[in-house]
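# Summary of the model geometry
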Amino acid sequence: MIFELENKSVHASDAGKELDHKKETIIFLHGSGLSHIVWSLVEQFFSNKNFNVLSIDLPGHGNSEGPCLKTIEEIAEWLEKVFIKLKFEKIILVGHSQGCLEMLEYSNKYKNRLKKLVFIGGSYKMPVNQDLIDLAESGDTDAVKLMMKWGYEGSKKFIGGNPIKRIIQSPRDISQILGVDLVACNNYVNGSNAVKTIDCPTMFVFGALDKMVNIEVGKKFANMVDNSTTHIIDGCGHMIMIEKAFEMREKVLEFLQK
């Protein structure tokens with residue numbers, strides 16, 4: 001799906017099906033420097049379970065026109081404009097990594113639109129190593145290598161190649177997309193307040209071997225939301241929806257169908 005918002009083209013992968021406002025809608029939010037591609041193993045699954053599915057490319061990412069938004073707060077405001085444009089009344093948000101921060105800020109401002117939340121590989125704050133920020137802002141490919149090292153356990157092989165390396169391909173991608181995103185994550189400080197305002201059914205999914213959001217940080221995050229559901233996936237790093245897509249989507253479906 002491609003639509004116009006504020007004179008910019010926005011792309012959202014919809015699993016090849018038109019929106020049906022009689023169905024529940026799941027919005028997937030990607031992480032830093034990435035795009036809708038990371039949700040390719042889960043989109044069709046949920047579409048086949050009778051959900052509307054939209055994996056949104058943030059401005060400047062994937063097939064959406066830029067420039068990139070520079071703060072988590074700006075992204076939350078932009079998302080609300082998208083949902084108004086598409087005439088959604090209630091939505092389910094599923095976010096990964098940076099997407100979790102966006103969900104927190106969005107829920108803090110627009111909780112009445114939310115039906116359920118699913119946080120994948122995220123926390124209420126995500127400080128970024130300054131060396132990684134410096135490398136990214138200078139367009140250095142070592143930034144991508146560091147992300148892969150910290151995000152994946154061992155030397156896992158992925159169908160079609162490592163998704164981070166496939167999506168972030170040029171010095172421009174690194175400096176003008178990844179660099180901007182990493183700074184946005186590092187600068188976001190409202191998460192500890194926003195998480196306290198969550199009052200809809202919420203699920204947390206973590207990879208037991210995630211080095212970016214280690215399991216103890218994840219558990220602390222999950223414990224801040226009363227009556228939430230937590231699922232930890234063994235043998236899994238940060239890119240949960242690719243490394244362990246089948247287990248993740250089955251567990252999320254169980255939660256959504258409760």
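Only a predicted model underlies this, so the values are computations on that prediction, with no experimental measurement involved.

## As for the layout of surface pockets
- The space that makes up the largest pocket amounts to roughly 420 Å³.
- In this structure, the largest pocket is lined by 24 residues; those nearest its centre are Ser 97, Met 126, Pro 127, Val 128 and Met 212.
- Among the residues forming the lining of the largest pocket, the class breakdown is 14 nonpolar, eight polar and two charged.

## Topic: the packing of helix 4 (residues 130-137) against helix 7 (residues 171-187)
- The geometry of helix 4 relative to helix 7 is characterised by a closest axis approach of 8 Å and an angle of 150° between their N-to-C directions. Here helix 4 lies roughly antiparallel to helix 7, going by the angle between them. Here helix 4 runs over helix 7; the crossing is left-handed. Note on element contacts: helix 7 touches helix 4 through Ile 174, Ser 175, Leu 178, Gly 179, Leu 182, Val 183 and Asn 186, opposite Leu 132, Ile 133, Leu 135, Ala 136 and Glu 137.
- Within the contact of helix 4 with helix 7, the residues separate by chemical class into eight nonpolar, three polar and one charged.

## Considerations on helix 5 (residues 142-151)
- Burial in helix 5 covers these residues: Ala 143, Val 144, Met 147, Met 148 and Gly 151. Buried residues of helix 5 fall within an arc of 135° about the axis and therefore sit on the same side. Turned more than 90 degrees from where helix 5 packs its buried face, Lys 145 and Lys 149 sit exposed.

## Things to note about the environment of Lys 211
- Along the polypeptide, Lys 211 turns up in the loop between strand 7 (202-207) and helix 9 (215-222).
- The exposure class of Lys 211 is partly exposed, given its relative accessible area of 48%.
- Sequence separation between Lys 211 and Lys 125 is 86 residues; the distance between their C-alpha atoms is 15 Å.

## Here we look at unusual backbone geometry
- For the peptide bond that leads from Gly 66 to Pro 67, omega is 5°, which places it in the cis range.
- By secondary structure assignment, the location of Pro 67 is in the loop between strand 4 (52-56) and helix 2 (72-85).
- The residue Asn 7 is not glycine, and still its phi comes out positive at about 65°.
- As for its position among the elements, Asn 7 is in the loop between strand 1 (2-5) and strand 2 (8-13).
- Phi is positive for Asn 227, close to 60°, though the residue is something other than glycine.
- Topologically, Asn 227 is positioned in the loop between helix 9 and strand 8 (229-233).
- A residue is classified by how much of its surface remains accessible, and Asn 227, at 80% relative accessible area, is exposed.

Analysis parameters
Residue positions within a chain follow its written sequence, with the count starting from 1. pLDDT decides what is reported in this predicted model: residues at 70 or higher carry local features, side-chain atom pairs at 80 or more are listed and counted, and totals for whole chains, interfaces and linings draw on all residues regardless. Only heavy atoms go into the side-chain values, all of them from the structure, while hydrogens and water stay out. For cavity detection a 1 Å grid was placed over the protein atoms alone, and a set of points counts as a cavity when a 1.4 Å probe fits there but cannot get out; an open set counts as a pocket when protein lies on both sides within 12 Å along at least five of seven lines, with lining residues being those that have an atom within 4 Å of a point. Grid points are joined across faces, edges and corners, and a volume is the space filled by probe spheres set on the points. Each residue is assigned to one of three groups, with Ala, Val, Leu, Ile, Met, Phe, Trp, Tyr, Cys and Pro labelled nonpolar, Asp, Glu, Lys and Arg labelled charged, and all others, Gly among them, labelled polar. Axes here mean lines fitted to C-alpha atoms, for a helix over just the part in contact, with angles spanning 0 to 180 degrees between N-to-C directions. By definition, any uninterrupted DSSP run of H or I lasting at least four residues is a helix, any uninterrupted run of E lasting at least two residues is a strand, and each is numbered from the N terminus. An angle below 35 degrees is read as roughly parallel, one above 145 as roughly antiparallel, one from 65 to 115 as roughly perpendicular, and any other as oblique. The crossing is said to be left-handed when, going from far helix to near helix, the turn is anticlockwise and less than a right angle, and right-handed when the turn is clockwise. We call two residues in contact whenever any of their non-hydrogen atoms come within 4.5 Å of each other. Relative accessible area decides the class of each residue, using a 1.4 Å probe on protein chains only: under 20% of the type maximum gives buried, over 50% gives exposed, and in between gives partly exposed. What the arc describes is the spread of directions from the helix axis to the C-beta atoms.

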